[in-house]
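Secondary and tertiary structure notes
One letter stands for each residue in the lines below.
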Amino acid sequence: MKKEFEIIINHPEKTESVEETASRYYVEIPFHNFDHIKDTLRYAEGVMEECEKEGVAVNKEVVRKALLFHDAGYQENNKDKGFATREEYSASIAEKELEKAGYSLEFIEDVKKAIMSTLKNGKFSTNEQKLVRMADISNMVGEYEKFLDYNISLKKEIKYTSNENYSWNEWKKATKDNMEFYMNQAETIAVIDSRDENGKTEFYNGFRQNLTRFLSEDENFLQKAQEKFEENYYSK
């Protein structure tokens, strides 16, 4: 395990064993893999540090455990397992493993609700639920180069898992629709309500900047970026 990730989850012994257990539910698909989980944890740790400074109450362990399991079993067919959504299946895995690890029923219920908040139309009312939802989509608001890698990896994963091969114009439209959906929540999802002179949150601005730049890219640039991503992906 990379040192930087060990720092993030270097909490009580229970957390380390749970992290190892959670990692076994992820496989090497292009996006919803354990690297995505590590990215969400890094983002969440940064926000939780700010919450502590600002006096915003957050149960850090609920957030950490929810993020560890929020895409567990993603590559499996949730309906074959008896669950309507992937999120419900992931929440059931979290429940099973956290019960084994000795966590309380109340804690597990909070973790499950936080995982369910990552459903596209999911509900998010507590700070823990908001933060887990924010962390899950934080790849859309960070540095553009990382956003582009995320976007391409998701396009590739959709082709891999459902055999849908989008043209770049189709993919731009799908990206625009998806990001605008989450942009409309950016004002209510932010745990720390910090706004610019136009009344927009940093989270909203990150969406807007990355989406605007992505939509302006020409097809040749995007195709070359995809080829570079594939070269790096297959060389791992």
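In what follows, the accompanying structure is described.

This brings us to the overall build of the protein. Counting its secondary structure elements, the protein contains 12 helices and zero strands. Along the chain direction, N to C, the helices and strands of the protein fall in the order α-α-α-α-α-α-α-α-α-α-α-α. Computed over the C-alpha atoms, the radius of gyration of the protein is 18 Å, within 12% of the 18 Å expected from 2.2 N^0.38 for a compact globule of 236 residues. Each of the three principal axes of the protein carries a C-alpha extent, and together these read 55 × 45 × 35 Å. The long-range share in the protein, meaning contacts at least 24 apart out of those at least 6 apart in sequence, stands at 69%. Across the protein, 35 positive and 47 negative side-chain charges occur, with their mean positions spaced 2 Å apart.

Formed by 62 residues in total, the largest nonpolar core has its most connected members in F69, L98 and F207. Per-element tally for this core: the top contributor is helix α3 (residues 34-54), with seven residues. When neighbours within four sequence positions are excluded, F207 is seen to be in contact with I137, M140, V141, M179, Y182 and M183.

For T118, the position within the fold is in the loop between α6 (105-116) and α7 (127-136). Residue class for T118 comes out buried when judged on its relative accessible area of 8%. In this structure the side chain of T118 is engaged in a polar contact, spanning 2.7 Å, whose partner is the backbone oxygen of I115. With sequence-adjacent residues up to four places away left out, T118 is seen in contact with H70, E87, V132, R133 and D136.

Here the focus is helix α9 (residues 168-183). Over its 16 residues, α9 runs 22 Å from end to end, which matches the ideal 22 Å to within 8%, given 1.5 Å per residue. If you check which residues of α9 are buried, you get W168, W171, K172, T175, M179, Y182 and M183. The arc that holds the buried residues of α9, viewed along the axis, is 100°, so those residues lie on one side. Structural note: α9 exposes N169 and K173 on the side pointing more than 90 degrees away from its buried face.

All right, on to unusual backbone geometry then. Residues other than glycine seldom take positive phi values, yet N163 does so here, at roughly 60°. In this fold, N163 is placed in the loop between α8 (144-162) and α9.

A few words now on the environment of I115. Here I115 lies in helix α6. Along the backbone, I115 and K96 are 19 residues apart, and their C-alpha atoms lie at a distance of 14 Å. Beyond its immediate sequence surroundings of up to four residues, I115 is in contact with A66, F69, H70, E87, S90, A91 and A94.

Quantified by volume, the largest pocket comes out at close to 1,400 Å³. Taken together, 45 residues make up the lining of the largest pocket; nearest its centre are D39, S138, N139, K146 and F147. Elements supplying a minimum of two residues to the lining of the largest pocket: α3, α7, α8, α11 (202-216) and α12 (219-234). Looking at the lining of the largest pocket element by element, the count peaks at 10 residues for α3. Of the residues belonging to the lining of the largest pocket, the class tally is 19 nonpolar, 11 polar and 15 charged. The calculated volume of the second largest pocket comes to roughly 870 Å³. As for the second largest pocket, its lining consists of 34 residues, and the residues nearest its centre are H32, Y74, L154, N178 and Y182. Contributing elements (two or more residues each) for the lining of the second largest pocket: α5 (86-100), α8 and α9.

Moving on, we get to the packing of aromatic side chains. Considering all chains together, one arrives at 12 aromatic pairs under this definition. Considering the side-chain rings of F83 and Y89, the 5.6 Å spacing of their centres and the 40° angle between planes classify their relative orientation as tilted. A relative accessible area of 9% places Y89 in the buried class. Among the aromatic residues, those joined into a cluster by ring pairs are F31, Y144, F147, Y150 and F214. Note that R86 overlies the ring of Y74, its terminal NZ or CZ placed 4.0 Å from the centroid. When the ring centre of F181 is taken as origin, the NZ or CZ atom of K120, which lies over that ring, is 4.9 Å away.

Analysis parameters
- Residues numbered from 1 in each chain as written.
- Predicted model: local features only at pLDDT ≥ 70, side-chain atom pairs only at ≥ 80, totals over all residues.
- Heavy atoms only, no water.
- Helix = DSSP H or I, 4+ residues; strand = E, 2+ residues; numbered from the N terminus.
- Rg over C-alpha atoms; globule rule 2.2 N^0.38 Å.
- Contact = heavy atoms within 4.5 Å.
- Lys, Arg positive; Asp, Glu negative; His and termini not counted.
- Charge placed at Lys NZ, Arg CZ, Asp CG, Glu CD.
- Core = buried A, V, L, I, M, F, W, Y, C linked by side-chain atoms within 4.5 Å.
- Buried < 20%, exposed > 50% of the residue type's maximum accessible area, 1.4 Å probe, protein only.
- Polar contact = N/O pair within 3.5 Å; in protein donor to acceptor, adjacent residues only side chain to side chain.
- Expected span 1.5 Å × (residues − 1).
- Arc of directions from axis to C-beta.
- 1 Å grid on protein atoms, 1.4 Å probe; cavity = no way out; pocket = protein on both sides within 12 Å on 5 of 7 lines; lining within 4 Å.
- Points joined across faces, edges and corners; volume = space filled by probe spheres on them.
- Nonpolar A, V, L, I, M, F, W, Y, C, P; charged D, E, K, R; others polar.
- Phe/Tyr/Trp six-rings, centres within 6.5 Å; stacked < 30°, edge-to-face > 60°.
- Lys NZ or Arg CZ within 6 Å of the ring centre and 35° of its normal.

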